[in-house]
Amino acid sequence: QQQVKQSPQSLIVQKGGIPIINCAYENTAFDYFPWYQQFPGKGPALLIAIRPDVSEKKEGRFTISFNKSAKQFSLHIMDSQPGDSATYFCAASMKDYGQNFVFGPGTRLSVLP
Amino acid sequence: DAGITQSPRHKVTETGTPVTLRCHQTENHRYMYWYRQDPGHGLRLIHYSYGVKDTDKGEVSDGYSVSRSKTEDFLLTLESATSSQTSVYFCAIRGQGAVGELFFGEGSRLTVL
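Below you will find a few notes about this structure. (Residues numbered from 1 in each chain as written. Chains lettered and ligands numbered in written order. Predicted model: local features only at pLDDT ≥ 70, side-chain atom pairs only at ≥ 80, totals over all residues. Heavy atoms only, no water.)

## Some words on the interface of chain A and chain B
1) Next: Contacts between chain A and chain B engage 18 residues on the former and 21 residues on the latter.
2) Next: Of the roughly 1,600 Å² buried between chain A and chain B, counting both surfaces, carbon and sulfur atoms make up 52%.
3) Next: Connecting chain A to chain B are 1 salt bridge.
4) Next: Across the salt bridge formed by A:Lys42 and B:Glu106, the nearest N and O atoms sit 3.3 Å from each other.
5) Next: There are 3 residue pairs in polar contact (both at pLDDT 80 or more) connecting chain A and chain B.
6) Next: Mapped by element, the contributors of at least two residues to the side of chain A that touches chain B are β4 (33-38), β9 (86-93) and β10 (101-103) of chain A. (Contact = heavy atoms within 4.5 Å. Buried area = accessible area lost by both parts, 1.4 Å probe. Salt bridge = Lys/Arg side-chain N within 4 Å of Asp/Glu carboxyl O. Polar contact = N/O pair within 3.5 Å; in protein donor to acceptor, adjacent residues only side chain to side chain. Helix = DSSP H or I, 4+ residues; strand = E, 2+ residues; numbered from the N terminus.)

What follows is the structure, encoded as structure tokens:
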């Protein structure tokens, strides 16, 4: 199963809040899990990524938590800012899949001032 | 900036007409991809290329064809456009590193009336 599920579909938080976006996958052969950020009218851009040999990765205010046994991973945005308002996509990839990516359906985040 | 240019950026056409979208890259990347983005579906792979004249189908390839006669150009053709192909189309290239980050173009918005 190549699908990646993502929730919630949309999320509204106040400035300074910690939005959390969750993703789940079925195929245990996936070995690379990136998050992409997309602003209106632009293409997605890589935000942060993790491999299944670690349980957490932090880059600035963005943290990925990874639970290999549950086949779930999540994105946390600390001290969220209005400039973080965007659509976020989780994705998964594996070498045996032609090095192609499977994307979740996306989460539209709005951070209110 | 990964040097990806998509054209046209916007196009309105009528059902049954042929449409070609162009993706041009300036950095000699081997892998190129065409995705479509629709609300609730995220990014879905249409076709990809792993070299000149080497292409393969993605999960939503029906009604689309591609060609890659030069490293820098990857063309997506809708032989006979239908309203279900109204979408935003993104071209992407895969970076050269071990992980292979995807870099996306700005997108081409296609409306089929």
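Having put the structure on the table, let's press on.
## Remarks on a nonpolar patch on the surface
1) Next: A contiguous nonpolar patch, built from A:Ile18, A:Ile20 and A:Met78 and spanning about 240 Å² of accessible area, is present on the exposed surface.
2) Next: Note on placement: A:Ile20 falls in strand β3 (residues 20-25). (Patch = residues over 30% accessible without salt bridge, like charges linked within 9 Å, V, L, I, M, F, W, Y side chains within 5 Å. Areas by Shrake-Rupley, 256 points an atom, 1.4 Å probe, with all protein chains shown as cover.)

## Brief notes about the sheet that holds strand β8 (residues 72-77) of chain A
Residue and element names in this part refer to chain A.
1) Next: Strand order in the open sheet formed by 5 strands is β1-β3-β8-β7-β6, and the pairing between neighbours is antiparallel. The sheet terminates laterally at β1 (4-7) and β6 (56-59), the two strands that pair on one side only. Put simply, the sheet's adjacent strands are angled 15° from each other on average, direction ignored.
2) Next: Here β3 pairs with β8 via 5 bridges, running antiparallel. Residue pairing for β8: Ile20 is matched across the bridge by His76. (Pairing = 2+ DSSP bridges. Axes fitted to C-alpha atoms, helices over the stretch in contact; angles between N-to-C directions.)

## A few points about the state of the cysteines
All names here are of chain B.
1) Next: What the rule picks out here adds up to 2 disulfides over all chains.
2) Next: With a sulfur-sulfur separation of 1.9 Å, Cys23 is cross-linked through a disulfide to Cys91. Sign of the S-S torsion, about -70° for the bond between Cys23 and Cys91, identifies this disulfide as left-handed. In this pair, Cys23 is assigned in strand β3 (residues 19-25) and Cys91 in strand β9 (residues 87-94), connecting sequence segments 68 residues apart. Comparing Cys23 with Cys91 shows no difference in burial state: the two are buried. (Disulfide = S-S within 2.5 Å. Buried < 20%, exposed > 50% of the residue type's maximum accessible area, 1.4 Å probe, protein only.)

## Concerning the layout of surface pockets
1) Next: Of the volumes computed, that of the largest pocket is approximately 720 Å³.
2) Next: Lining the largest pocket are 30 residues, with A:Gln38, A:Thr87, A:Arg108, B:Gln37 and B:Pro39 sitting closest to its centre.
3) Next: Only β9 and β11 (107-112) of chain A together with β4 (32-38), β9 and β11 (108-112) of chain B provide two or more residues apiece to the lining of the largest pocket.
4) Next: Of the residues belonging to the lining of the largest pocket, the class tally is 9 nonpolar, 15 polar and 6 charged. (1 Å grid on protein atoms, 1.4 Å probe; cavity = no way out; pocket = protein on both sides within 12 Å on 5 of 7 lines; lining within 4 Å. Points joined across faces, edges and corners; volume = space filled by probe spheres on them. Nonpolar A, V, L, I, M, F, W, Y, C, P; charged D, E, K, R; others polar.)

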